[in-house]
Amino acid sequence: MIRRFLMAATIASIGALVAACGGGSDASGSADSASAASIEAKARRRTTPIATPTTPTAPLAPVTAVPTGRLLASNCFQCHGTNGRSSGGFDTLAGESISEIVGELREMQTKAEEDKGIMRVHALGYTDAQIQALAAYFASQPR
Amino acid sequence: MIERRDFLRALGLSAAGLAASRIATAGSTSTAYVAPVPADTGARGRVVVVGGGMAGATVAKYLRLWGGKPVEVVLIDVASGYVSNIMSNFVLTGTRTLSGLTYTYDKLKTNYGISVIKGMVTEIRPGTKTVMVGTTPVTYDRLVLAPGLDFAKAPGVPDALQGYYPHAWKTGAQTTELRRQLLAMPSTGGTFLMAIPAAPYRCPPGPYERACLIADWLQRNRPQSKVIVLDANPGITAEAHTFTAAFNGPYANTIQYHPNTAIREIIPGVKGGGTVLTDTVYVDANGFEVSLGAGPSFTGNNVISPITRQRAGDVMAGVPGLLNGNGGRFAAVDVLSYQSTALPDIHVIGDAAKTTQPKAGHIANQEAKVCADAITRLMRGQEVDPAPVTNSACYSPINATQASWLTAMFQYDPVSRTMKKYVRPLDASAPGVIAEGEAGAWTSDNFEEMGKWFRQLMADTYA
């Protein structure tokens, strides 16, 4: 009984958020059907075609390019923080220069195996071009 | 557009109140950096994410960060938060708590504008691009499934007694029960028996890590106790060097390791424990255990914890063709986008997916990023990244104060269309080196790094 109320309340609030983002109907509360309907109405208002994996179609708004090296750099966020901004763990990488990052990774590649650090393995796991790309991403991030 | 904060105030709700819950918000991510959601990158659409674990939470966050505000993200989970499996062995040994490992979805809501529905997805309807949350339909343009795993039952145990044979491989009530049983072991020494299923299973080094931590705790708290490890695999599946040294070194008088051995039947004791009958097994190409005949029997066990065979979350079984990997247990995917090889517009990430990568939280976070990048590119009419890189990394505590680690780098191989462990070509420095490794020793420095890695990983995922 209580669980259903909570879910209805949650769904009602979601319906409210969704409807209001689109310019909005009244979010008053009852029922799964009112909020589900508002979620569905918003979906129908959308007119931009959604791309399929093999035939991407041109969207109706200006498109921004994906920053160079971002997906590669995101491998590092788990230890060095989202976008390279550390919260008290390993070093912050955001805002370091390309030459600093490339230099550090090159140095880690040459560590003796008996040093056996995790970073040695990670530094050895990228091509030179990939290292340049991920370094460019971190260099472009604000400190 | 009205500010989110004003919305919530108008509704008389705080962000935290949106999903009423009694899970304590104790997972520590309070000082984490909050990246901004761009106003518009040209991507539009609604993505529904099923499951708020490591993969689901990460994909939700990064769809917003890399897609922008017009990319609507709806995250659906049955609970108000995620309890981390990483570090959960410390709940068994008493140095961490469940509430300390709990990460709610509050920050995903307030920091990135992700809509969160607390509910169980009961049905997926690809024909109408809808998921059912009970009787409520939620439509999607793209669907990302990250439901995690369901587990086979403890063999031979009646349903009414299943709760006394916890795998505790999905952190929560079973973890509490397993700790209760550990504490109830006799002071004169008892037997803790655990079983490891055939690979692929969640967290390859995890079971061996658990064996070490349990053995360490028992040596200090219930001396004379034994840990029996039954492993369906032919040998230690991860960090073989480290765990062999641990099993043969500090734990030589405590741990008994039996490879190629699987539980055939448990004859229950009182409130857990009992007798275990086994099969000698080999593992077939799909990861199923095939019996070669009866193996040894083990009597007088105080605790029996079988980590049983795993499969993708059962909601996926309702979609014909979706579970097309490992003999119908997991979903095969295109690892450039994590789209199902069987159904369009449905992506599968995390433990439910079949890939060459291990099933683990750290790499699930990375799969989610590759997926989010691919979906937002497709929404903008761009090609997906043709050369993603992922890495697996894991620190393994070997005792209460020291840890080892393992890591591997995966690059996309366009011939096999899989993620392959990277081997450096001849013209690079250190040519021919495979980019993977394990720690040479377990140390307190590694243990300290483990804490940093865990805090930062959970912040990147939930904060």
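This text follows the structure it describes.
Residues numbered from 1 in each chain as written. Chains lettered and ligands numbered in written order. Predicted model: local features only at pLDDT ≥ 70, side-chain atom pairs only at ≥ 80, totals over all residues. Heavy atoms only, no water.

Chemist: Can you break down the overall build of chain A residue by residue, with the values?
Modeler: Helix and strand content of chain A: 7 helices and 0 strands. For chain A, the sequential pattern of α-helices and β-strands runs α-α-α-α-α-α-α. Relative to its 143 residues, chain A shows a buried fraction of 45%. Total accessible area computed for chain A in this model is approximately 7100 Å², and 56% of it derives from carbon and sulfur atoms. (Helix = DSSP H or I, 4+ residues; strand = E, 2+ residues; numbered from the N terminus. Buried < 20%, exposed > 50% of the residue type's maximum accessible area, 1.4 Å probe, protein only. Areas by Shrake-Rupley, 256 points an atom, 1.4 Å probe, with all protein chains shown as cover.)

Chemist: Mind laying out the sheet that holds strand β14 (residues 261–268) of chain B, listing which residues take part and the relevant values?
Modeler: All names here are of chain B. Pairing is antiparallel in the open sheet, where 3 strands are placed in the order β14-β15-β16. Here the strands that pair on one side only, and so sit at the sheet edges, are β14 and β16 (289–301). Recorded for the sheet is a direction-independent mean angle of 20° between the axes of neighbouring strands. Where strand β15 (residues 274–283) and β16 come together, 7 bridges link them in antiparallel fashion. Counterpart to Val276 in the pairing with β16 is Phe298. (Pairing = 2+ DSSP bridges. Axes fitted to C-alpha atoms, helices over the stretch in contact; angles between N-to-C directions.)

Chemist: A description of the environment of B:Arg44 should follow, citing residues and the corresponding values.
Modeler: You can see B:Arg44 is positioned in the loop between α1 (4–10) and β1 (45–50). Spatially, the C-alpha atoms of B:Arg44 and B:Pro70 are 5.2 Å apart, while their sequence positions differ by 26 residues.

Chemist: Explain the packing of helix α2 (residues 54–67) of chain B against helix α9 (residues 444–462) of chain B residue by residue, including any values.
Modeler: All names here are of chain B. For the pair α2 and α9, interaxial distance at closest approach is 7 Å and the crossing angle is 55°. Put simply, α2 runs oblique to α9. From α2, Met54, Ala57, Thr58, Lys61 and Tyr62 reach across to α9, where they touch Leu457, Met458, Ala459, Asp460, Thr461 and Tyr462. In terms of residue class, the contact of α2 with α9 is built from 7 nonpolar, 2 polar and 2 charged. (Parallel < 35°, antiparallel > 145°, perpendicular 65-115°, else oblique. Contact = heavy atoms within 4.5 Å. Nonpolar A, V, L, I, M, F, W, Y, C, P; charged D, E, K, R; others polar.)

Chemist: Talk me through the packing of aromatic side chains; I want residue IDs and the actual numbers.
Modeler: Summed over all chains, the structure comprises 16 aromatic pairs over all chains. Ring geometry for A:Phe77 against A:Phe138: centres 6.2 Å apart, planes inclined by 70°, an arrangement best described as edge-to-face. Taken together, the residues A:Phe77 in helix α4 (residues 77–80) and A:Phe138 in helix α7 (residues 128–140) connect sequence positions 61 residues apart. As far as the burial class goes, A:Phe77 and A:Phe138 line up, both buried. Note on B:Tyr105 and B:Tyr462: the rings are 6.4 Å apart at their centroids and 40° apart in plane angle, and the pair reads as tilted. With B:Tyr105 in the loop between β4 (102–104) and α4 (106–112) and B:Tyr462 in helix α9, this residue pair connects regions lying 357 residues apart in the sequence. Owing to a relative accessible area of 1%, B:Tyr462 belongs among the buried residues under this scheme. Put simply, the rings of A:Phe77, A:Tyr137, A:Phe138, B:Tyr62 and B:Trp66 pair up and form one aromatic cluster. Stacked on the ring of B:Phe288, the Lys or Arg B:Arg329 has its end atom at 5.3 Å from the ring centre. Across from the ring centre of B:Phe330, 3.8 Å away, lies the NZ or CZ of B:Lys359, which sits over that ring. (Phe/Tyr/Trp six-rings, centres within 6.5 Å; stacked < 30°, edge-to-face > 60°. Lys NZ or Arg CZ within 6 Å of the ring centre and 35° of its normal.)

Chemist: I'd like a rundown of the pairing of strand β7 (residues 130–133) of chain B, residues and numbers included.
Modeler: All names here are of chain B. Every second residue of β7 is oriented toward a common face, with Thr130 and Met132 on one face and Val131 and Val133 on the other, all of them buried. Bridge analysis of strand β6 (residues 121–125) against β7 gives 4 bridges, and the strand direction is antiparallel. Bridge pairing in β7 links Ile124 to Val131. Relative to strand β8 (residues 136–139), β7 runs antiparallel, the two being bridged by 4 bridges. Counted as the bridge partner of Thr130 is Thr139 from β8.

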